Amino acid sequence: MNDLASEQARSNRGCRRWLLILIALPVILGAVAIAVLAGIEYRSRRDVDAEIERLRAAGQPVDDETMASWFWENTSQEGTAAWREILVQVEQITTSTTVVHGLPIVGHGELPDDLAPGDDWPDEARVAAFLEDARPVIAKIEDAARYPTPVWQPIAFDGFGTILSEVQASRGIMRMVQLEFVHALYHEDTQRISRALKAMQATAASFDWDMCIVSDLVGIALRSIHRNSIRQSLSHSAWELADLDHLLDQVVQPRDFLTRWHRVIAGERAMALTTLRGDRQSLSDFMGSTGQPGDSLQAWMLMSSFSKRYLQTMEAVQRLGDQGIEGLLERANEWERREFPSDSLRFDDMLSHLLLPSVNAWAAAQERDEHERRLTRTAVGLKRFRMVEGRWPEKLDDLATMGLTARDWTALQAGPFGYRIEDDHAVLWGYEPLASRLPARIPDDPPDGDAARQVTRIPP
């Protein structure tokens, strides 16, 4: 009887021990997991801090203070006051009157299709009156071309909350000068056309701030307006050789692509670091900034391992530019497919995926920027060849006699631009980077539709 009771007691104690083990095991495993995670986060935090110090020592911005210093050191303060006055006056002119709303380019009005000198232009009188009132500020824009560029403006850096109002306002300056150009071209006023094109070039250069992707994209848009206007001006019949030489000079210098690519990523990274390591209010504002599910920063994304992965991702994006601009879009597409696959995304890549804009769209913009510069330079070269030789060149290689090189008439990795002669007009075309199949190629015939803007028709 006692043996049975003793055996029962031992059995009960064994059950309690196993029950205790079953209860304690998840706790122990959880504690081990927490310890492992804490160790990973501790090492990640050390790695992040070390990388930030390395960037700081290399002169790269890592917060608002270093961004402000970095911007100051890479811009000129000589023309700051003049361009600030222009920004204010253009904004006052373009927002203080209802007349502007109905005007083309500066407002919501539209230009007649293929407007040429002498064509019917119902809005011409209103445009002329507006430009006459704006003449003093247009003269200031033309005069400001003498200052070194890019030009510094006072910016209160606040991570991703930085307000780049000057960058956006520069579009208003460019639109006003563009309207001046169109009106001058309509009236075949050579001096006004020339001054307007130089003012466009100065505006684009003055606000060519390579501090982040947004400012870089605006800069590309401003240069695109300038180059499109140069190609449009080739319809002007009164250009002389000296005028065409000046136009060639305006598009002679390619951007230092590699330096600027690295700088834009450096600025983008500094803004992210400022936000991620900022005060609670800034983080709270950013975390709820969009209000869209899956499109805002979550608290668990602030772990150091996510920041470490973000820094590694940005370094990889910088390296995409190391091989130069040719083939950039193809490399960017391949990188995005590999790093951010649509079917599966690494857990610690979610922060990078949220903070980093579309790399392939930015790469396409870079290609388009250089593509348009070369296209414009080749178009002006064709016009100059016709003026000198009295005929169009048989092939683009003949432009070497005008001082151009093979690089000028080569559409990056796609090969030479398309070229033919139709009804005594030279027709020159390229490709649309974002819409092109990869690898990019020049179509056999001038494209139409959205890509038609890559076609330039030059009259004799």
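Below is a short write-up of the structure. Note that the coordinates shown come from a computational prediction; the quantities given were computed from them, not determined experimentally. Throughout, a residue's number is its position along its own chain's written sequence, starting from 1. The predicted nature of this model means local features are confined to residues of pLDDT at least 70 and side-chain atom pairs, given and counted, to a pLDDT of 80 or more, with totals for whole chains, interfaces and linings taken over all residues. To get the side-chain values, all heavy atoms of the structure are used, and hydrogens and water are removed first.

1. Re the overall build of the protein chain
Quick reminder of the rule: Strands are runs of DSSP state E lasting at least two residues, helices are runs of H or I lasting at least four, and both sets are numbered from the N terminus onward. Working definition: with a 1.4 Å probe on protein chains only, accessible area under 20% of the residue-type maximum means buried, over 50% means exposed, and in between means partly exposed. Contact definition: two residues touch when any of their heavy atoms are within 4.5 Å. Surface accessibility in these figures is a Shrake-Rupley result with a 1.4 Å probe; residues are shielded only by whichever protein chains are displayed.
What the protein chain contains, in helices and strands, is 15 helices and three strands. With 460 residues in all, the protein chain has 48% of them scored as buried. For the protein chain, long-range pairs separated by at least 24 residues make up 75% of all intrachain contacts whose partners lie at least 6 apart in sequence. Of the roughly 22,800 Å² of accessible surface on the protein chain, a fraction of 53% belongs to carbon and sulfur atoms.

2. Some thoughts on the pattern of salt bridges
This is how the line gets drawn: Salt bridges are identified by distance alone: a Lys or Arg side-chain nitrogen within 4 Å of an Asp or Glu carboxyl oxygen.
According to the stated counting rule, one finds 38 salt bridges in the structure shown. As a salt-bridge pair, Arg223 and Asp208 come within 3.1 Å of each other at their nearest N and O atoms. A residue pair is termed long-range when its members are at least 10 positions apart, and Arg223 in helix α8 (residues 213-233) and Asp208 in the loop between α7 (190-206) and α8 qualify at 15 residues. The same class applies to Arg223 as to Asp208, namely buried. Ionic pairing is found between Asp369 and Arg223, a salt bridge with its closest N-O pair at 3.2 Å. With Asp369 in helix α15 (residues 359-389) and Arg223 in helix α8, this residue pair connects regions lying 146 residues apart in the sequence. Here the two residues Asp369 and Arg223 agree in accessibility, since each one is buried. It is possible to trace a salt-bridge network through shared partners that takes in Asp208, Asp210, Asp216, Arg223, Arg227, Arg255, Arg260, Arg263 and Asp369.

3. Some remarks on the packing of helix α6 (residues 165-186) against α7
Just so we agree on the cut-off: Fitting a line to C-alpha atoms yields each axis, with helices limited to the stretch in contact; the angle taken between N-to-C directions then spans 0 to 180 degrees. To sort the angles, those under 35 degrees are grouped as roughly parallel, those over 145 as roughly antiparallel, those from 65 to 115 as roughly perpendicular, and the leftovers as oblique. Crossing chirality is assigned from the near helix's rotation relative to the far helix, an anticlockwise turn below a right angle marking it left-handed and a clockwise turn marking it right-handed. Three classes are used, and their members are as follows: Ala, Val, Leu, Ile, Met, Phe, Trp, Tyr, Cys and Pro are nonpolar, Asp, Glu, Lys and Arg are charged, and the others, Gly among them, are polar.
At a closest axis distance of 8 Å, the pairing of α6 and α7 adopts a crossing angle of 165°. On the basis of the axis angle, α6 is roughly antiparallel to α7. Both α6 and α7 take part in a crossing whose hand is left-handed. Contacts between α6 and α7 involve Ser170, Ile173, Met174, Val177, Gln178, Glu180, Phe181, His183, Ala184 and Leu185 on the former and, on the latter, Arg192, Ile193, Ala196, Leu197, Ala199, Met200, Thr203 and Ala204. Classifying every residue of the contact of α6 with α7 by side-chain character gives 12 nonpolar, four polar and two charged.

4. Concerning the packing of aromatic side chains
What describes a pair of aromatic rings is the distance from one ring centre to the other and the angle between the planes of the rings. Definition in use: Centre distance within 6.5 Å is the pairing criterion for rings of Phe, Tyr and Trp, where only the six-membered ring of Trp is used; planes under 30 degrees apart are then read as stacked, over 60 as edge-to-face, and the remainder as tilted.
Across all of its chains, the model carries nine aromatic pairs by this definition. For the ring pair Trp121 and Tyr186, a centre distance of 5.1 Å and an interplane angle of 75° mean the geometry is edge-to-face. Note that Trp121 is positioned in the loop between α3 (80-95) and α4 (124-133) and Tyr186 in helix α6, a separation of 65 residues in sequence. By the burial criterion, Trp121 is buried, and Tyr186 matches it. Each ring, one from Phe207 and one from Trp209, has its centre 5.7 Å from the other, and the planes form 55°; the classification is tilted. A relative accessible area of 1% places Phe207 in the buried class. Among the aromatic residues, those joined into a ring-pair cluster are Phe71, Trp83, Phe157, Phe207 and Trp209.

5. Details of a nonpolar patch on the surface
What counts, and what does not: Each patch is built from residues lacking any salt bridge and having more than 30% relative accessible area; the joining distance is 9 Å for like charges and 5 Å for nonpolar side chains (Val, Leu, Ile, Met, Phe, Trp, Tyr).
Together, Leu241, Met387 and Val388 make up an exposed nonpolar region whose accessible area comes to about 210 Å². Positionally, Met387 belongs in helix α15. Residue Met387 is classed as partly exposed on the basis of its relative accessible area of 33%.

6. Concerning the environment of Arg319
Take Arg319: it is sitting in helix α12 (residues 304-320). Assessed through its relative accessible area of 46%, Arg319 is described here as partly exposed. Taking the C-alpha atoms as reference, Arg319 lies 9.3 Å from Trp261; in sequence the two are 58 residues apart.

7. Description of the nonpolar core
Applicable threshold: Buried Ala, Val, Leu, Ile, Met, Phe, Trp, Tyr and Cys residues form a nonpolar core when they are joined through side-chain atoms within 4.5 Å.
The biggest cluster of nonpolar side chains holds 118 residues, and the ones touching the most others in it are Trp83, Met211 and Leu382. Excluding residues that lie within four positions of it along the chain, Trp83 makes contacts with Ile141, Ala144, Tyr147, Val151, Gln153, Ile173, Ala202, Thr203, Ser206 and Phe207.

8. Structural notes on the side chain of Ser170
Along the chain, Ser170 turns up in helix α6. Contact partners of Ser170, with chain neighbours within four places excluded, come to Leu87, Thr203, Phe207, Val218 and Leu222.

9. Describing the environment of Ala364
Relative to the helices and strands, Ala364 is located in helix α15. You can call Ala364 buried: its relative accessible area is 0%. When the C-alpha atoms of Ala364 and Leu329 are compared, they prove to be 5.6 Å apart, with 35 residues separating the residues in sequence.

10. Re the packing of helix α13 (residues 328-339) against α15
For the pair α13 and α15, interaxial distance at closest approach is 8 Å and the crossing angle is 180°. Of the possible angle classes, the one that applies to α13 and α15 is roughly antiparallel. The residues of α15 that touch α13, namely those facing Leu328, Leu329, Ala332, Asn333, Trp335 and Glu336, are Val359, Asn360, Ala363, Ala364, Gln366 and Glu367. In terms of residue class, the contact of α13 with α15 is built from seven nonpolar, three polar and two charged.

11. Here's the deal with the environment of Arg45
Within the element layout of this structure, Arg45 appears in helix α1 (residues 2-57). The spatial distance from the C-alpha of Arg45 to the C-alpha of Lys308 is 7.7 Å, given a sequence separation of 263 residues. Leave out the neighbours within four places in its chain, and Arg45 touches Arg277 and Ser304.

12. Examining unusual backbone geometry
Note the cis peptide between Thr149 and Pro150, where omega equals -10°. Mapped onto the elements, Pro150 comes out in the loop between α5 (135-143) and α6. Positive phi, close to 70°, is recorded for Ile105, a residue that is not glycine. Positive phi values are uncommon outside glycine, yet Asp423 reaches one of about 50°. Classification of Asp423 as exposed rests on a relative accessible area of 75%.

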